[in-house]
Amino acid sequence: MQFLPIFLNVRAQTCLVVGGGDVAYRKAVLLDRAGARLRVVAPEICVELESLVIAGAGELRVRGFDELDMDGVFLAVGATDDEEVNAAVSVAAKSRGLPVNVVDKPSLCSFIVPAIVDRSPVVIAISSGGASPVLTRKLKEKLETMVPAAYGRLALLLGGYRSRVKSVITDFKRRTRFWEALLSGPLSEMVLSGKEDEARRYIEQQLSESDSIVVQGEVFLVGAGPGDPDLLTLKALRLMQEADVVLYDRLVSKEIMARVRPDAEKINVGKERSNHLVPQEQINDLLVRLAQEGKKVLRLKGGDPFIFGRGGEEIDSLAEARIPFQVIPGITAASGCACYAGIPLTHRDCSQSVRFVTGHLKNDTIDLDWPNLANENQTVVFYMGLVGLETICEQLIAHGMAADMPIALVQQGTTPNQKVITGTLETMPAIVKMTEVQAPTIIIVGRVVKLQQRYSWFKGSNLV
Ligand SMILES: C[S@@+](CC[C@H](N)C(=O)[O-])C[C@H]1O[C@@H](n2cnc3c(N)ncnc32)[C@H](O)[C@@H]1O
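Residues numbered from 1 in each chain as written. Predicted model: local features only at pLDDT ≥ 70, side-chain atom pairs only at ≥ 80, totals over all residues. Heavy atoms only, no water.

1. Re the site of the ligand
Part 1: Around the ligand lies a shell of 18 residues, among which Pro 226, Asp 304, Ile 307, Thr 332 and Thr 441 are the nearest.
Part 2: Between a nitrogen atom of the ligand and a main-chain N or O atom of Ile 307, the distance comes to 2.7 Å.
Part 3: Backbone polar atom of Gly 413 to a nitrogen atom of the ligand: 2.9 Å apart, as the coordinates give it.
Part 4: Contact with the protein chains hides 89% of the accessible area of the ligand, taken as 570 Å² for the molecule alone.
Part 5: Of all elements in the fold, only α13 (333-341) and β17 (441-445) reach the threshold of two or more residues within the shell around the ligand.
Part 6: Among the residues making up the shell around the ligand, the classes are represented as 11 nonpolar, 6 polar and 1 charged.
Part 7: Here the shell around the ligand spans two domains, since at least three of its residues come from each of domain 3 (218-331) and domain 4 (334-463). (Near = heavy atom within 4 Å. Polar contact = N/O pair within 3.5 Å; in protein donor to acceptor, adjacent residues only side chain to side chain. Areas by Shrake-Rupley, 256 points an atom, 1.4 Å probe, with all protein chains shown as cover. Helix = DSSP H or I, 4+ residues; strand = E, 2+ residues; numbered from the N terminus. Nonpolar A, V, L, I, M, F, W, Y, C, P; charged D, E, K, R; others polar. Domains from an automatic or database assignment.)

Structure (structure tokens):
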């Protein structure tokens, strides 16, 4: 993060704007809306800006900038079309330890002014750290259409009940549940459709029944997909925002973790091949214990929790302890990697079925149903197969599969680091030995792999 997002209270504080044109006017309007007292300095000041300053009982200094203009100032904005003056404003402010913004010059700024979606008291601030104001504007346009105008009214209504709810429901967890239940119910819709009296009656009624609120823990076993955060399901995203605590695996990327509720406790329970940071039994026990403490626990797993994810074992402990849980599917690696690599797993010209198989070595052998896997009319996807790749290729050939059967190794699929290596059962072990391979990887065997060159669309690297 290049800049720390904060909301500054400038009410009744003197804020200096150096500049008298349109750009200065736009900054002054924002400061004025936030209750600042304006001090505007410029040899010429446009009529709109002049009227704004006068209406807010601010100060107009119709002359060039002088360092003494910084006296008594809370923050400064340089908004002239003269680079030297803007630079002088920046230097003078910084030497006094004052926050300073120079329009369109991030290098001269100690703060930047974000694009905002204003539903006061709810304000959404958006910034690209100065990288692309147009992108920021596009995002703002999207949010403007998504956040109803009446959100401000909803926030004001809720704000009005805050201290009352606090005195009626003194326990923090029960209070949080109360607010969550309120906002998941019909209340928002009542306010958004203008029925505020009805909304107040509803809150009163819920408050009078608040004794019956039971803080019950729950576990959400959620599939986070193969890596690209845009492949999260809507339900996964919603539950990621609700959780009090998150247990996550190595396969869950930091981009996905960034979408979890920021104040949720985050516990890395690891899980690498033969290096489980926290052993499975302890994960199962931890889930039970945290839920028994009344927490909403998010168990976030790579891909789909029920596909080579030991999700079954985890919910078994929960079922045993009678803890409520939900299981949310995720896009499994086979599906995500095949799509992003351009390999249609069951293209009907080449394959009538697809099998997901673990290639995890047990006692240095892979104990698989080789005669059935060597069927040439199907596609076989091996999870955790990199270490056993040579054995997989040998065994498939030994059980009758053509040595020139196409095979692909997709590494870090669906992420910007995705690489696709293709070859045949005969050539692949040697190709992989010569290549630096980064986990996780998935192996796809079958005629469908031939289509990869034609259908490749995702901008990763293709190594043939
Ligand atoms: C323990 S399994 C978990 C599978 C997960 N539950 C799923 O549904 O995708 C881990 C294996 O999934 C595969 N995998 C997961 N994410 C992957 C990715 N982004 N690219 C390639 N393979 C991946 C690798 O074979 C890795 O060894």
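2. Structural notes on the domain arrangement of the protein
Part 1: Here the protein is described as being made up of domain 1 (14-113), domain 2 (151-212), domain 3 (218-331) and domain 4 (334-463).
Part 2: Of note, the centres of domain 2 and domain 3, computed from C-alpha atoms alone, are 30 Å apart.

3. Looking at unusual backbone geometry
Part 1: The amide bond that connects Ser 120 to the next residue, Pro 121, takes the cis arrangement and shows omega of 10°.
Part 2: Residue Pro 440 follows Ala 439 across a cis peptide bond; omega there is -5°.
Part 3: For Pro 440, the position within the fold is in the loop between α16 (428-433) and β17.
Part 4: Notably, Gln 412 is not glycine yet its phi reads approximately 45°, a positive angle.
Part 5: As for its position among the elements, Gln 412 is in the loop between β15 (406-411) and β16 (419-424).
Part 6: Taking relative accessible area as the criterion, Gln 412 reaches 18% and is therefore assigned buried. (Buried < 20%, exposed > 50% of the residue type's maximum accessible area, 1.4 Å probe, protein only.)

4. Regarding the packing of aromatic side chains
Part 1: Tallied over the full model, the rule gives 6 aromatic pairs.
Part 2: For the pair Tyr 340 and Phe 458, a centre-to-centre distance of 4.7 Å together with 55° between the ring planes defines the contact as tilted. Of this pair, Tyr 340 sits in helix α13 while Phe 458 is found in the loop between α17 (452-455) and β18 (461-463), placing the two residues 118 residues apart along the sequence. Both residues of the pair, Tyr 340 and Phe 458, count as buried. (Phe/Tyr/Trp six-rings, centres within 6.5 Å; stacked < 30°, edge-to-face > 60°.)

5. Here we look at the environment of Thr 332
Part 1: Locating Thr 332 in the fold gives a position in the loop between β12 (325-328) and α13.
Part 2: Separated by 28 residues in the primary sequence, Thr 332 and Asp 304 place their C-alpha atoms 4.8 Å from one another.

6. Remarks on the sheet that holds strand β9 (residues 245-248)
Part 1: Reading across from one edge, β10-β9-β11-β8-β12 is the order of the 5 strands in this open sheet, with parallel pairing throughout. The open sheet terminates on both sides in strands that have one partner only, identified here as β10 (265-268) and β12. Geometrically, the sheet is characterised by an average inter-axis angle of 15° between neighbouring strands, direction not taken into account.
Part 2: Here β9 runs beside strand β11 (residues 296-301); their pairing, made up of 4 bridges, is parallel. Bridge pairing in β11 links Leu 247 to Arg 299. (Pairing = 2+ DSSP bridges. Axes fitted to C-alpha atoms, helices over the stretch in contact; angles between N-to-C directions.)

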